[in-house]
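# Coordinate inspection notes
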Amino acid sequence: THVQALINTLDRESGADLLAHAADAQPWLVAQGLLAPGRQPTAEELTGVRQVREALRAMVVHNAGGPAPTAAELAPLRRAADEATARVRLGDDGTVRVNPIGETLADHLLALLLVVGDAQRDGTWAHLKACANEDCRWAFYDLSRNHRGTWCEMATCGNKLKNREFRARRSRRPVSG
């Protein structure tokens, strides 16, 4: 999804951030439909998109059993919702759609929020989670049978955390002899 892709523009382990510089961000934002082709994002817009990304990350951390997002963490989403306007459209087949009115970056961010709202209503939002490895926090869609997935990949983050937990338990054992 576009929401998952936005969250994953930052690789927390390496520090690589697709949204750090306008030249790097522009092709990605265009490809995701968040920015009109040929347009360069401003520094202020990039800051806003990064803030929205981290607010969404806080929400998917909560989906994975972490703390609920704070008002401060959600503030960028509230700003995005307040900066853009949406309109209800009725399709020829009777389908009701809510779409942003404009074509600005703020309008496209509002479209992402509308997707989140739809996913919250249909129950699929709870399956978009953040990896339990705090160094990672990569967003992943939990496809496990019981929807209790914890790591983006068991082979990487899952093994790292299980090894840490094992070493911690082992160091707490009393020495017998």
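Now for a quick tour of the structure. (Residues numbered from 1 in each chain as written. Predicted model: local features only at pLDDT ≥ 70, side-chain atom pairs only at ≥ 80, totals over all residues. Heavy atoms only, no water.)

Two side chains that carry opposite charge are able to pair once their charged atoms sit near each other. If you walk through the whole model with that rule in mind, you get 6 salt bridges. Here Arg57 ties to Glu54 by a salt bridge, and the two come within 2.8 Å at their closest N and O atoms. Highlighted residues: Arg57 and Glu54, both in helix α3 (residues 43-63), separated by 3 residues, approximately one helical turn. With relative accessibility at 29%, the residue Glu54 sits in the partly exposed group. Across the salt bridge formed by Arg121 and Asp118, the nearest N and O atoms sit 2.6 Å from each other. A residue pair is termed a helical-turn pair when its members lie 3 or 4 positions apart in one helix, as Arg121 and Asp118 do in helix α5 (residues 105-122) at 3 residues. Shared partners join several salt bridges into a network, and the residues in it are Asp17, Arg53, Glu54 and Arg57. (Salt bridge = Lys/Arg side-chain N within 4 Å of Asp/Glu carboxyl O. Helix = DSSP H or I, 4+ residues; strand = E, 2+ residues; numbered from the N terminus. Buried < 20%, exposed > 50% of the residue type's maximum accessible area, 1.4 Å probe, protein only.)

So, about the pairing of strand β2 (residues 96-100). Two elements, strand β1 (residues 86-90) and β2, share 5 bridges in a ladder whose sense is antiparallel. By the bridge assignment, Leu90 is partnered in β2 with Val96. Hairpin connection of β1 to β2: 5 residues between the antiparallel strands, including Gly94 at a positive phi of 90°. (Pairing = 2+ DSSP bridges.)

Relative orientation and spacing of two packed helices are given, respectively, by the angle between their axes and the distance between those axes. Where α3 contacts helix α4 (residues 71-83), the two axes come as close as 8 Å, and the packing angle between them is 120°. Classified by the angle between their axes, α3 and α4 sit oblique to one another. In terms of crossing hand, the pair formed by α3 and α4 is left-handed. Every residue of α4 that contacts α3 at Gln51, Val52, Ala55, Leu56, Ala58 and Met59 is listed here: Glu73, Leu74, Pro76, Leu77, Arg79 and Ala80. Broken down by class, the residue content of the contact of α3 with α4 amounts to 9 nonpolar, 1 polar and 2 charged. (Axes fitted to C-alpha atoms, helices over the stretch in contact; angles between N-to-C directions. Parallel < 35°, antiparallel > 145°, perpendicular 65-115°, else oblique. Left-handed = near helix turned anticlockwise from the far one by under 90°. Contact = heavy atoms within 4.5 Å. Nonpolar A, V, L, I, M, F, W, Y, C, P; charged D, E, K, R; others polar.)

Ranked by size, the top nonpolar core spans 28 residues in total, and within it Val3, Leu6, Leu29, Leu56 and Trp125 carry the most contacts. Every element with two or more residues in this core is listed here: α1 (2-7), α2 (22-31), α3, α4, α5 and β3 (128-130). At 8 residues, the largest contribution of residues to this core is made by α3. (Core = buried A, V, L, I, M, F, W, Y, C linked by side-chain atoms within 4.5 Å.)

With 18 residues, α5 extends 26 Å between its outermost C-alpha atoms, agreeing within 8% with the 26 Å of an ideal straight helix rising 1.5 Å per residue. Taken together, the buried positions of α5 are occupied by Leu105, Ala106, Asp107, His108, Leu109, Leu110, Leu112, Val116, Gly117 and Ala119. Next to the buried residues of α5 lie α1, α3, α4, β1 and β2. At the C-terminal side of α5, Gly123 shows a positive phi close to 90°. (Expected span 1.5 Å × (residues − 1).)

All right, on to the environment of Arg53 then. Mapping Arg53 onto the fold places it in helix α3. Once the C-alpha coordinates of Arg53 and Leu6 are considered, the two residues, 47 residues apart in sequence, prove to be 6.1 Å apart. Excluding residues within four positions of it along the chain, Arg53 makes contact with Leu6, Ile7, Thr9, Leu10, Asp17 and Leu19. A polar contact of 2.7 Å, which involves the side chain of Arg53, links it to the side chain of Asp17. (Polar contact = N/O pair within 3.5 Å; in protein donor to acceptor, adjacent residues only side chain to side chain.)

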